[in-house]
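# Breakdown of the fold
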Amino acid sequence: MENTNEMTIIFDSRPVNEGLARVTVASFCTQLNPTLEEVADIKTAVSEAVTNCIIHGYEGQVHKIKMTCSLKGQEITVDISDEGVGIPDIKKAMEPLYTSRPDKDRSGMGFTFMEAFMDEVKVESEVGKGTTVHMKKTIGR
């Protein structure tokens, strides 16, 4: 049988919980025996996605963020979801340096970093309903 495993956590959209998400995903992926660099890449991508939920999705209000991680073979999939404002134009939002919140000193590099550190990044969003970021990375390439 192929090596599979899955976990889901739901946490408040508070900046302090960005660290919780990072540590949880790092701990979960250790079963694939990743390098320190691979762990750092995944943690950075998760950080960016969670930060997007907090700042853009919920605009600083406290609601729930859901993170689901699954392993299949040497691939980790991480889905991070909010039920926030949604993204009207995903293509535009994913452009480097684009930010909808320049007032918050956002660099507009969140999706760019996610794409740089993960093998695959897909975004699903519906205005008024929320956003899910799907990320995949193969460990031990």
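Scroll up for the structure.
The notes below deal with the structure included here. Just so you know, these numbers come straight off a predicted model, no measurement behind them. (Residues numbered from 1 in each chain as written. Predicted model: local features only at pLDDT ≥ 70, side-chain atom pairs only at ≥ 80, totals over all residues. Heavy atoms only, no water.)

Packing of helix α1 (residues 17-29) against helix α2 (residues 36-57) leaves a shortest axis separation of 9 Å and a crossing angle of 145°. Considering how the two elements wind past one another, α1 and α2 form a crossing that is right-handed. Packed against α1, whose contacting residues are E18, A21, R22, V25, A26 and C29, the element α2 presents V39, I42, K43, T44, V46, S47, V50 and T51 at the interface. Looking at side-chain class alone, the contact of α1 with α2 contains eight nonpolar, three polar and three charged residues. (Axes fitted to C-alpha atoms, helices over the stretch in contact; angles between N-to-C directions. Helix = DSSP H or I, 4+ residues; strand = E, 2+ residues; numbered from the N terminus. Left-handed = near helix turned anticlockwise from the far one by under 90°. Contact = heavy atoms within 4.5 Å. Nonpolar A, V, L, I, M, F, W, Y, C, P; charged D, E, K, R; others polar.)

Counting through the fold element by element, E95 comes out in the loop between α3 (90-93) and α4 (110-117). With 15 residues separating them along the chain, E95 and G110 place their C-alpha atoms 9.6 Å apart.

The topology assignment puts F113 in helix α4. Taking the C-alpha atoms as reference points, F113 and P96, 17 residues apart in sequence, are found 9.1 Å from one another.

Bringing the sheet that holds strand β5 (residues 130-138) into the picture now. In a beta sheet, neighbouring strands are held together by backbone hydrogen bonds and run either parallel or antiparallel to one another. What the five strands build is an open sheet, ordered β1-β2-β3-β5-β4; its pairing is antiparallel. Edge positions in the sheet fall to β1 (4-12) and β4 (120-126), since each of these pairs with one other strand and no more. Strand-to-strand twist of the sheet, defined as the mean angle between neighbouring strand axes without regard to direction, takes the value 10°. As judged from the eight bridges shared by strand β2 (residues 64-72) and strand β3 (residues 75-82), these two strands associate in the antiparallel manner. Bridge pairing links K66 to S81 in β3. Here α1 sits on the sheet in contact with β1, β2 and β3, set at roughly 170° to β1. Across the sheet, α2 touches β1, β2, β3 and β5, and the angle it forms with β3 is around 15°. (Pairing = 2+ DSSP bridges.)

Moving on: the nonpolar core. With 36 residues, the main nonpolar core has V46, M67, I76, V78, I80 and M135 as its most contacted residues. Breaking this core down by element, the ones donating at least two residues are β1, α1, α2, β2, β3, α4, β4 and β5. Considering each element in turn, this core owes the most residues, nine residues, to α2. Contacts of M67, omitting those with residues within four sequence positions, involve M7, T8, I9, F11, A21, T24, V25, V46, V78, D79 and I80. (Core = buried A, V, L, I, M, F, W, Y, C linked by side-chain atoms within 4.5 Å. Buried < 20%, exposed > 50% of the residue type's maximum accessible area, 1.4 Å probe, protein only.)

The subject of this paragraph is unusual backbone geometry. It is generally the case that most residues other than glycine have a negative phi and that most peptide bonds are trans. Of note, the phi angle at N33 is positive, near 55°, even though the residue is not glycine. Mapped onto the secondary structure, N33 falls in the loop between α1 and α2. Judged by relative accessible area, which is 67%, N33 ranks as exposed. For E59, which is not a glycine, the phi torsion comes out positive at approximately 50°. By the element assignment, E59 lies in the loop between α2 and β2.

A few words on the packing of α2 against α4. Close contact between α2 and α4 brings their axes to 9 Å; oriented N to C, the two are set at 155°. Our classification of the angle between α2 and α4 gives roughly antiparallel. For the element pair α2 and α4, the recorded crossing hand is left-handed. Contacts between α2 and α4 pair D41, T44, A45, E48, A49 and N52 from the former with G110, F111, F113, M114 and F117 from the latter. In terms of residue class, the contact of α2 with α4 is made up of six nonpolar, three polar and two charged. (Parallel < 35°, antiparallel > 145°, perpendicular 65-115°, else oblique.)

Shape descriptors only; they carry no functional weight alone.
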